[in-house]
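# Structure assessment
What follows is each chain in one-letter form.
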Amino acid sequence: MGYRVISVKVNADPAVQLATFLRQFAAFARFHGASVLVKKPKEYPGNWVITIEGNSSFLNELTPDLIKTAAAIATDINPNNDNLRIAAADISSQLSDQVVDWNGVPVITSARPGRELAARLSGEASFMHLKDELCIHDKRIRGQLSKYHNVKGATAWRQRHKLNLLLRVDCLALVATARRLHRITDDLYQRLPKPTS
């Protein structure tokens, strides 16, 4: 298990917007499967302390989303509130400082089997079939991005999360299709006879 501790100094009993921001930030971390404890100060000035617990690798992967969403929640609540902007920047800095360095850990990449020549010329692995797949993914991604950029409100992060999952799936599918197309092109180049001069 790992943890991230975020301490936000508050000089006076926080305005509703700041308290809402901190609670929504904690809710976002919980929504993604982390255990979160929020401790309010007994008196002010004092620190709101947010402790996020989870597997260290999981927390490393979650950190960019936490940073991005902290800024988004602050903007969604009130884009003109300097206290929200400063709190989001403070959270971003603290989270960045707590990322665990996993450099040097080896990654295993499994080999992928090729396909038969006939399928690559005219079947589901052919250029025309893959071109249709790319067009479908492209259309879905554009539609989801449009919705993603137009959501508003204090809980906009929840809507963005749903759209983010769809975007991730379709973007991975787009990349996978493009890679298949690249592998097929390389394979056909090796298989087909070369022109003689």
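Our subject in this report is the structure included herewith. What you are looking at is a predicted structure, and each value in this text was computed from that prediction instead of being measured.

### Some details on the overall build of the chain
Across its full length, the chain carries six helices and three strands. Listed by position from the N terminus, the elements making up the chain come as β-α-β-β-α-α-α-α-α. Residues counted as buried form 35% of the 197 residues belonging to the chain. Counted over contacts in the chain with a minimum sequence separation of 6, partners at least 24 positions apart contribute 73%.

### Some thoughts on the layout of surface pockets
Volume-wise, the largest pocket comes out at about 230 Å³. The wall of the largest pocket is formed by 13 residues, among which K9, V10, N11, L18 and N83 lie closest to the centre. If you list the elements that add at least two residues to the lining of the largest pocket, you get β1 (2-10) and α3 (82-97). Among the elements that line the lining of the largest pocket, the one with the most residues is α3, at four residues. When grouped by side-chain class, the residues that make up the lining of the largest pocket number eight nonpolar, two polar and three charged.

### Quick look at the sheet that holds strand β3 (residues 46-54)
Taken together, three strands build an open sheet; the order of strands is β1-β3-β2 and the sheet is antiparallel. Each edge of the open sheet carries a strand with a single partner, namely β1 and β2 (35-39). The mean angle between the axes of side-by-side strands here comes to 15 degrees, regardless of whether they run parallel or antiparallel. Of the strand pairs in this sheet, β2 and β3 are connected by five bridges, and their pairing is antiparallel. By the bridge assignment, V38 is partnered in β3 with I50.

### Some details on the environment of V36
Along the polypeptide, V36 turns up in strand β2. A relative accessible area of 15% places V36 in the buried class. Placed 18 residues apart in sequence, V36 and G54 show a C-alpha to C-alpha distance of 9.1 Å. Not counting residues within four places of it along the chain, the set of residues in contact with V36 comprises A26, A29, R30, I50, T51 and I52.

### Considering the nonpolar core
Ranked by size, the top nonpolar core spans 30 residues in total, and within it I6, F21, L22, F25, I52, L66 and I91 carry the most contacts. Listing elements by their share of this core, those giving two or more residues are β1, α1 (16-31), β3, α2 (56-77) and α3. Considering each element in turn, this core owes the most residues, nine residues, to α1. Apart from residues lying up to four places away in sequence, F21 is in contact with A70, I73, A74, I77, L84, A87, A88 and I91. Of all hydrophobic cores here, the second largest spans six residues; its members include I141, Y148, V151 and L163.

What counts, and at which threshold
Residues numbered from 1 in each chain as written. Predicted model: local features only at pLDDT ≥ 70, side-chain atom pairs only at ≥ 80, totals over all residues. Heavy atoms only, no water. Helix = DSSP H or I, 4+ residues; strand = E, 2+ residues; numbered from the N terminus. Buried < 20%, exposed > 50% of the residue type's maximum accessible area, 1.4 Å probe, protein only. Contact = heavy atoms within 4.5 Å. 1 Å grid on protein atoms, 1.4 Å probe; cavity = no way out; pocket = protein on both sides within 12 Å on 5 of 7 lines; lining within 4 Å. Points joined across faces, edges and corners; volume = space filled by probe spheres on them. Nonpolar A, V, L, I, M, F, W, Y, C, P; charged D, E, K, R; others polar. Pairing = 2+ DSSP bridges. Axes fitted to C-alpha atoms, helices over the stretch in contact; angles between N-to-C directions. Core = buried A, V, L, I, M, F, W, Y, C linked by side-chain atoms within 4.5 Å.

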